[in-house]
Structures are given as structure tokens and as C-alpha cells.
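# Overview (structure and organization)
So you can see what is in the structure, the chains are spelled out below.
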Amino acid sequence: MDKQRMTFDIDRRTITEGDIVEISWQCEGADNVSLTLDNGFKTNEIALEISGTKRFRLNRSKGRTKLTLTVTIQGKKHQKTIHVKVKKMPTFKTETIDNNGKYRRGMPRLYKILNQLWQKIMSKWRGTTSKINLTLQSLPLKKQIAVKLLALISVMLIISFIWPRFYTFALTLLSLYLIVTLIRK
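This write-up is about the structure you can find in this document. Not measured: the values here are computed from a predicted model.

## Details of the sheet that holds strand β1 (residues 6–10)
Read across the sheet, three strands follow the order β1-β3-β6 without closing on themselves; strand pairing throughout is antiparallel. Pairing within the sheet leaves two strands with one partner each, and these edge strands are β1 and β6 (51–57). The average undirected angle you get between the axes of adjacent strands in this sheet is 15 degrees.

Given below as C-alpha cells:
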């Protein structure tokens, strides 16, 4: 297929996320025409007429969206690709205003920092517990029980240093745990 029989163009090649672009195409003698949109996250294919225009909103992209026009003429496929640079939508900083009309600058930032710290701690905790569970599962049953008891006694002793009355309470809980474990098996 020669270049004169297949035209494919776009109104602009650099946009901001959420902008609308308009494409135009003309494929003389084509049996089938389709457009593939690839934004780096997902690929969509759309069937098109032999010629025309179409508008798209390009929302999400990994910086570049690829539009490929595929034309089939007498069983042979021909393609033409256009790359659109997609800039991130600008973000705006907001400030919180209390009921008296005064700015509260520190609290939202502090909340964000504490939230990020909490997410990191929880992520580490989940990773550590999954590693411990995997290690425990690889041990024989008697050793699993011994490790669990050792962990319980260690926690019990640590808390007893801080709160001496906890010792009796912890021994009672440990005894109940052992009784329940024996009854279940």
C-alpha cells in the first residue's frame, strides 16, 4: 500500500492528562480499519470506518500513548503509528482553613507523614510475620509448638518486668492455651 492511499494524523502530539485529541484517517480501498490505543497500562482496539475523524480523551498514561492505525487490504496488513506525549496533570497544594478563617498548615502535612510512617511499619510487619509463618510451617510439629510456647513465655516475661501483676494473669492464659491445645488434638 502506498503512502498516498493511507493517511493518519492527529491534531496535537503533546497533551496534558485528561485532554481531548482528534484523529483523522483515510484509507482508500481498505477492507478493514482498526485503531489500537496503548497508554502503557492497557491496550484497546477499536474498529473504524474507511475514513473519518474521532475524538478521544487521553486520561491515564505512562508518559506516552501510542495510537496505531491498522489497515487490511486484500489480506495484507499495513500500520501507521503516532506517539502522543502525555504530561501529568499539575497538582495544586491546598491549605486547610479552620472555622475562624485561619490557616492550619502543619496538621495535614503531619498527618501525611504519620500515615506514610504507619504504612511502612505495617508493610514491614506483614513481611516479617509472613516470613515467620513460612519458617514455622517448615518445622516439625513438636518444634512448632516449642517455638510458639517460647514466644509466649518471652512476651509474658517482658510484660511482667513492666507490669508485675501481669505474671499471674499470663500464666493463667498460658495454662488455658495449653489445655485447649491438648483437648483439640
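We are not done yet, so read on.
## A look at helix α3 (residues 166–184)
Taking 1.5 Å as the rise per residue, α3 with 19 residues should run 27 Å; its terminal C-alpha atoms sit 27 Å apart, in good agreement. Inspection of α3 places Phe166, Ala170, Leu174 and Thr181 among the buried residues, and these make up the whole buried set. Angular distribution of buried residues about the axis of α3 spans 70 degrees; they occupy a single face of the element. Seen from the buried face of α3, the exposed residues on the opposite side, beyond 90 degrees, are Thr168, Leu182 and Ile183. In this structure, the buried side of α3 is in contact with α2 (141–162).

Definitions and cut-offs
- Residues numbered from 1 in each chain as written.
- Predicted model: local features only at pLDDT ≥ 70, side-chain atom pairs only at ≥ 80, totals over all residues.
- Heavy atoms only, no water.
- Pairing = 2+ DSSP bridges.
- Helix = DSSP H or I, 4+ residues; strand = E, 2+ residues; numbered from the N terminus.
- Axes fitted to C-alpha atoms, helices over the stretch in contact; angles between N-to-C directions.
- Expected span 1.5 Å × (residues − 1).
- Buried < 20%, exposed > 50% of the residue type's maximum accessible area, 1.4 Å probe, protein only.
- Arc of directions from axis to C-beta.
- Contact = heavy atoms within 4.5 Å.

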